[in-house]
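Tertiary structure, described
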Amino acid sequence: YSYCVFTFSVGYSAVALNHVIDFKEKKQEIVKPVSPSELFPSLPIVQGTSKRIKVLTRLTLVVSDPSHCNLLRSTSANIRLYDIIAVFPKTEKLFHIACTTLDVDLVCINVTEKLPFYFRRPPVNMAIDRGIYFELLYTPAIKDSTMRRYTISNAISLMQICKGKNIVISSAAERPLELRGPYDVANLGLLFGLSEGEAKAAVSTNCRATMLHGETRKSACGIVYTVKKPRKVEDEERTLPACKKAKTQA
Amino acid sequence: AAPSRRYVLCEVVSEDPRCRQCIEDRAVGLAVRDAIGKVHGDYGLACCSISFTVKYLNAYTGTVLLRCRKDSYRLLCSALPFVRQLESRNLRYPCFLNTLHVGGTIRTCQKFLIQYNRRQLLMLLQNCTNEEERQCIQKSLLSCSLTEEQSQSGDEEDDDGTE
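Residues numbered from 1 in each chain as written. Chains lettered and ligands numbered in written order. Predicted model: local features only at pLDDT ≥ 70, side-chain atom pairs only at ≥ 80, totals over all residues. Heavy atoms only, no water.

1. Quick word on the nonpolar core
Judged by nonpolar contacts, the single largest core of 79 residues is most densely connected at Phe95, Phe134 and Ile167 of chain A together with Val32, Leu66, Leu76 and Leu86 of chain B. Among the elements that take part in this core, helix H1 (residues 25–48) of chain B stands out by supplying six residues, more than any other. Look past the residues within four positions of leucine 86 of chain B in its chain and what remains in contact with it is Val12, Cys19, Cys22, Ile23, Ala27, Val28, Ala31, Leu91, Arg92, Tyr93 and Cys95 of chain B. Ranked by size, the runner-up nonpolar core spans ten residues in total, among them Ile84, Ala86, Cys108 and Val168 of chain A. (Core = buried A, V, L, I, M, F, W, Y, C linked by side-chain atoms within 4.5 Å. Buried < 20%, exposed > 50% of the residue type's maximum accessible area, 1.4 Å probe, protein only. Helix = DSSP H or I, 4+ residues; strand = E, 2+ residues; numbered from the N terminus. Contact = heavy atoms within 4.5 Å.)

2. Considerations on the packing of aromatic side chains
Residues and elements named next belong to chain A. Scanning the model with the defined rule gives five aromatic pairs over all chains in all. Plain terms: the ring middles of phenylalanine 95 and phenylalanine 117 are 5.5 Å apart, the flat faces sit at 40 degrees to each other, and that makes the pair tilted. Remark: phenylalanine 117 occurs in the loop between strand E4 (106–108) and helix H6 (121–130) and phenylalanine 95 occurs in helix H5 (residues 92–100); sequence separation between them is 22 residues. Exposure remark for phenylalanine 95: the relative accessible area of 3% places this residue in the buried category. (Phe/Tyr/Trp six-rings, centres within 6.5 Å; stacked < 30°, edge-to-face > 60°.)

3. Focus on the sheet that holds strand E6 (residues 96–103) of chain B
Residues and elements named next belong to chain B. Spatially, four strands are ordered E2-E3-E1-E6 in an open sheet, and the strand pairing comes out antiparallel. Sheet topology places strand E2 (53–58) and E6 at the edges, where each strand pairs with a single neighbour. The mean angle between the axes of side-by-side strands here comes to 25 degrees, regardless of whether they run parallel or antiparallel. Bridge count between strand E1 (residues 5–13) and strand E3 (residues 63–69): seven bridges; the pairing is antiparallel. Counterpart to leucine 9 in the pairing with E3 is leucine 65. (Pairing = 2+ DSSP bridges. Axes fitted to C-alpha atoms, helices over the stretch in contact; angles between N-to-C directions.)

4. Focus on the domain arrangement of chain B
Often, the extent of an interface is quoted as the loss of accessible area upon association of its parts. All names here are of chain B. Partitioning chain B into domains gives domain 1 (1–104) and domain 2 (106–147). A C-alpha centroid distance of 24 Å is found between domain 1 and domain 2. Listed by partner, the interface residues are eleven residues for domain 1 and seven residues for domain 2. Across the interface of domain 1 and domain 2, roughly 800 Å² is buried in total on both sides, 76% from carbon and sulfur atoms. For domain 1, the biggest contributors to the area lost against domain 2 are Leu9, Leu100 and His101; these three give 46% of the whole. Connecting domain 1 to domain 2 are zero salt bridges. At the boundary of domain 1 with domain 2, the tally comes to one residue pair in polar contact (both at pLDDT 80 or more). (Domains from an automatic or database assignment. Buried area = accessible area lost by both parts, 1.4 Å probe. Salt bridge = Lys/Arg side-chain N within 4 Å of Asp/Glu carboxyl O. Polar contact = N/O pair within 3.5 Å; in protein donor to acceptor, adjacent residues only side chain to side chain.)

Given below as structure tokens:
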């Protein structure tokens, strides 16, 4: 857990601990997330402010078959306990389903191998409208040269379709030295084809929006809003003749 | 017109305290050039090495100030995350570089560094365990300022041994 203390010293204000579920292996059950207060008795303070670091829990589902998505639709109690839910689709059909119907916060984009499918505009635009973000990982690019090529080519093909909107860049670091500071990660975004403003947003505002999306997914079921309808005088005049007509017909 | 330059201020972060021994001009310069070559190839390496030097180093705090031309600072900055280790005298230590600030002159980087070090000292102050350390840090904090002499202003803090 010295790993997490490290993150904090580099300037981040929130961290998510990821738990990956891969449906290819048998007998996968979704367990309750480990509560952050058990792991860290006292959280360090964000550099430059006086608030404590936020530690969130996150679940990533690797789906390669439509039946795996049933878990998301079922009202399993354990899923609701995670702050952020991400899905990693392996086929084009599943990518479409994830963008259009599934109730998730993040769609992970494969960076470790050549994409088996091309991105198309309709599902990507729907995902952007629904407030779902696409996630790119940067740690494989740092570790290995072949992964670097796949990461950059997959990222650039995504950029061409989504025009740099709704991107989140995160690390999948397993060791403290695989992390990079926020300024550096924004510079990596430039390599992926984002503009400067988009790259900075990918590390800051988009991540906060994802956290909010997760919170609203956990709490809100639906929204009811009332609108005061202005009553116009002309409408009343029009309705009167109709009533008169009805009476005469009856 | 004089060639415009960009000064990139970064911090070497490592798990092993012995990595500080490797913080010297040659080692850092080689590591950065290596990373640029890996990411941007021969073209990138050629562009970035036009005015590239390591201007300032502080082994106690791990602060490094790099200089490059304004036209190629993006190539340099985008390659910095790919530095994974520092090597010197046949000793290799894994680490990474954390970019703190990019400025057009040494003076702006200096001002930023003083503010940054002051914040770091404040954080150290909060984690102090004994009274002696506390007093030392308080004294250093009160004496940080941008003086007119260029040479001394990088080393405001004396107590990073308490990490």
